[in-house]
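Chain by chain, the residues run as shown.
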Amino acid sequence: MYVVIAGGGMVGYYLCRALLAEGHEVIVIERDRRRFQRGEDELGSVFMLGDGCEASVLAEAGVERADIFIAATDQDEDNLVACQVAKYRFNVPKTIARINNPRNERIFRQLGIDRTVSQVKHMLEDIEEQIPTHILARLFTLADVGLEIVELKVSADSPVVGRHVSELALPENSVLSLLLRSGEKPQVPASDVAIMPGDRIIAVTSPESEPALLELFSPKSPGSKNG
Amino acid sequence: MNIVIMGCGRTGAQLASSMDAAKHKVAVIDISTGSFARLPASFSGVALLGDGTDEEVLRKAGIEKADAFVAVTQSDNRNIMAAQIAKYVFHVPRVICRIYDPLRKDVYEALGLEAISPTTVFAELIKDQLEAEPQR
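A. Representation of the interface of chain B and chain A in the model. Listed by partner, the interface residues are 18 residues for chain B and 21 residues for chain A. Carbon and sulfur atoms make up 59% of the surface buried where chain B meets chain A, a total of about 1700 Å² over both sides. At the junction of chain B and chain A, the tally comes to 5 salt bridges. Counting the contacts that link chain B with chain A gives 7 residue pairs in polar contact (both at pLDDT 80 or more).

B. Just the domain arrangement of chain A, in detail. Along its sequence, chain A is organised into domain 1 (2-123) and domain 2 (132-217). The C-alpha centroid of domain 2 of chain A is placed 37 Å from the C-alpha centroid of domain 1 of chain A.

C. Fine view of helix α7 (residues 210-217) of chain A. Residues and elements named next belong to chain A. Among the residues of α7, Glu210, Leu213, Leu216 and Phe217 are the ones counted as buried. End-on view of α7: buried residues confined to an arc of 120°, all on one side of the axis. Those residues of α7 that are buried are in contact with β7 (136-142), β8 (147-153) and β10 (200-205).

D. Local environment of the sheet that holds β8(A). All names here are of chain A. Reading across from one edge, β7-β8-β10-β9 is the order of the 4 strands in this open sheet, with antiparallel pairing throughout. Sheet topology places β7 and β9 (175-180) at the edges, where each strand pairs with a single neighbour. Neighbour to neighbour, the strand axes of the sheet diverge by 20° on average, direction disregarded. Relative to β10, β9 runs antiparallel, the two being bridged by 5 bridges.

E. The arrangement of the packing of helix α4 (residues 76-90) of chain A against helix α4 (residues 102-110) of chain B in detail. Two elements in contact, α4(A) and α4(B), have axes separated by 11 Å at closest approach and are oriented at 65°. Crossing of α4(A) over α4(B) shows left-handed handedness. Here A:Val81, A:Gln84, A:Val85 and A:Arg89 of α4(A) come into contact with α4(B), specifically with B:Leu103, B:Arg104, B:Val107 and B:Tyr108. Counted by class, the contact of α4(A) with α4(B) contains 5 nonpolar, 1 polar and 2 charged residues.

F. Summary view of the pattern of salt bridges. Residue and element names in this part refer to chain A. By the definition in use, this model includes 23 salt bridges over all chains. When the shortest N-O distance is used, the salt bridge between Arg31 and Asp78 registers 2.9 Å. Within this pair, whereas Arg31 is found in the loop between β2 (25-30) and α2 (33-43), its partner Asp78 is found in helix α4, the two being separated by 47 residues in sequence. Between Lys121 and Glu105 there is a salt bridge; the shortest N-O distance is 3.3 Å. Remark: Glu105 occurs in helix α5 (residues 104-110) and Lys121 occurs in helix α6 (residues 119-130); sequence separation between them is 16 residues. No difference in accessibility class separates Lys121 from Glu105, as the two residues are buried.

G. Looking closely at the packing of aromatic side chains. Residues and elements named next belong to chain A. Applying the stated rule across the entire model yields 1 aromatic pair over all chains. When the ring centre of Tyr13 is taken as origin, the NZ or CZ atom of Arg38, which lies over that ring, is 5.3 Å away. The ring of Tyr2 carries the charged tip of Arg65 above its face, separated from the ring centre by 4.1 Å.

H. Main features of the side chain of A:Asn79. Residues and elements named next belong to chain A. Positionally, Asn79 belongs in helix α4. Owing to a relative accessible area of 0%, Asn79 belongs among the buried residues under this scheme. At 2.7 Å, the side chain of Asn79 forms a polar contact with the side chain of Thr73. Among the polar contacts made by the side chain of Asn79, one reaches the main-chain carbonyl oxygen of Arg98 at a distance of 2.8 Å. Those residues within four positions of Asn79 in sequence are excluded, and the remaining contacts are Ala71, Ala72, Thr73, Ala97 and Arg98.

I. The environment of B:Glu64, seen in detail. Residues and elements named next belong to chain B. Residue position: Glu64 is located in the loop between α2 (55-60) and β4 (68-71). Under the relative-accessibility criterion, Glu64 is labelled exposed at 52%. Sequence separation of Glu64 and His91 is 27 residues, and the distance between their C-alpha atoms is 8.1 Å. For Glu64, the residues in contact, after removing those within four places along its chain, are Arg59 and Phe90. Among the polar contacts listed, one links the side chain of Glu64 to the side chain of Arg59, at a separation of 3.3 Å.

J. Highlighting the pairing of β8(A). All names here are of chain A. Pairing geometry for β7 and β8, over 6 bridges, is antiparallel. Opposite Thr141, over in β8, you have Glu148 as the bridge partner. As judged from the 6 bridges shared by β8 and β10, these two strands associate in the antiparallel manner. Opposite Glu148, over in β10, you have Thr205 as the bridge partner.

The rules behind each value
- Residues numbered from 1 in each chain as written.
- Chains lettered and ligands numbered in written order.
- Predicted model: local features only at pLDDT ≥ 70, side-chain atom pairs only at ≥ 80, totals over all residues.
- Heavy atoms only, no water.
- Contact = heavy atoms within 4.5 Å.
- Buried area = accessible area lost by both parts, 1.4 Å probe.
- Salt bridge = Lys/Arg side-chain N within 4 Å of Asp/Glu carboxyl O.
- Polar contact = N/O pair within 3.5 Å; in protein donor to acceptor, adjacent residues only side chain to side chain.
- Domains from an automatic or database assignment.
- Buried < 20%, exposed > 50% of the residue type's maximum accessible area, 1.4 Å probe, protein only.
- Helix = DSSP H or I, 4+ residues; strand = E, 2+ residues; numbered from the N terminus.
- Arc of directions from axis to C-beta.
- Pairing = 2+ DSSP bridges.
- Axes fitted to C-alpha atoms, helices over the stretch in contact; angles between N-to-C directions.
- Left-handed = near helix turned anticlockwise from the far one by under 90°.
- Nonpolar A, V, L, I, M, F, W, Y, C, P; charged D, E, K, R; others polar.
- Phe/Tyr/Trp six-rings, centres within 6.5 Å; stacked < 30°, edge-to-face > 60°.
- Lys NZ or Arg CZ within 6 Å of the ring centre and 35° of its normal.

Quick look at the structure:
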């Protein structure tokens, strides 16, 4: 595949090295002369000096035949513009933008960018996954269908303990897909399986239903009447 | 009308003060407090510190009720991004953005943004003036 990368900082540089190693054709566009020089010294003519947001520079890089365009600078607005020029002026089929502000994920999608990658979001998700008190952790977002894959941890005081899978009033668009129980093989949770403390359940849900799903698995506070 | 201006440089400050003087409701956003010194003492609008490409900052500036949004920071790409958020996320009826680079301006005009390139405007102006009969 032919991949064009705008931005030759650390992200662009390592991305380029990895893609070259996999046998892809790559060009990295970097506007800072020092960074460009370092890239050229180490990786050769795959580095090109110029502004990846400029149509003339993208034309020179042959972006009209690129399969994927990746904007990997450290500025969200530069990445947006570079991807849009690649997509709308040169019809690149797939554009990927690196973002800093996780809120830009939705905005960029609305503005036509095919995919965003947010380091901040990944780190937050990693942290959430590590913290045992978190009952629900988001593992993966299926943006194109508006669904997400989450992991639910069943604590000893969870109201679902002892209940059968079929008894649970799952919110809309939610499916329990996989049951992980220590010492057993991963299994699809059958309707007559009773949930046990320590179980981990991989579920599919929508962002709208996520709070209701979390509520279902959360221990009721001491004052609550519906225990 | 309600107008939100992003960027309180010379252009932004002058636009803010003249719209304010004409009794419009003005909010001006800038990432540096020092820029607000360009506003006259008589300015009665809102000066808001923050990043105009951030949805929350735009909301605070009243973008949801704005009739017009103008992006005039020093950075073409910031102007382009903010203008698109105003137009496509908040559906502001009138959005104008400054793009210095004439080529980039062409791309975004084709995509439906109302853009002004000072580079082209000034070059045309100077050309007209040079070609006009000198006044004695």
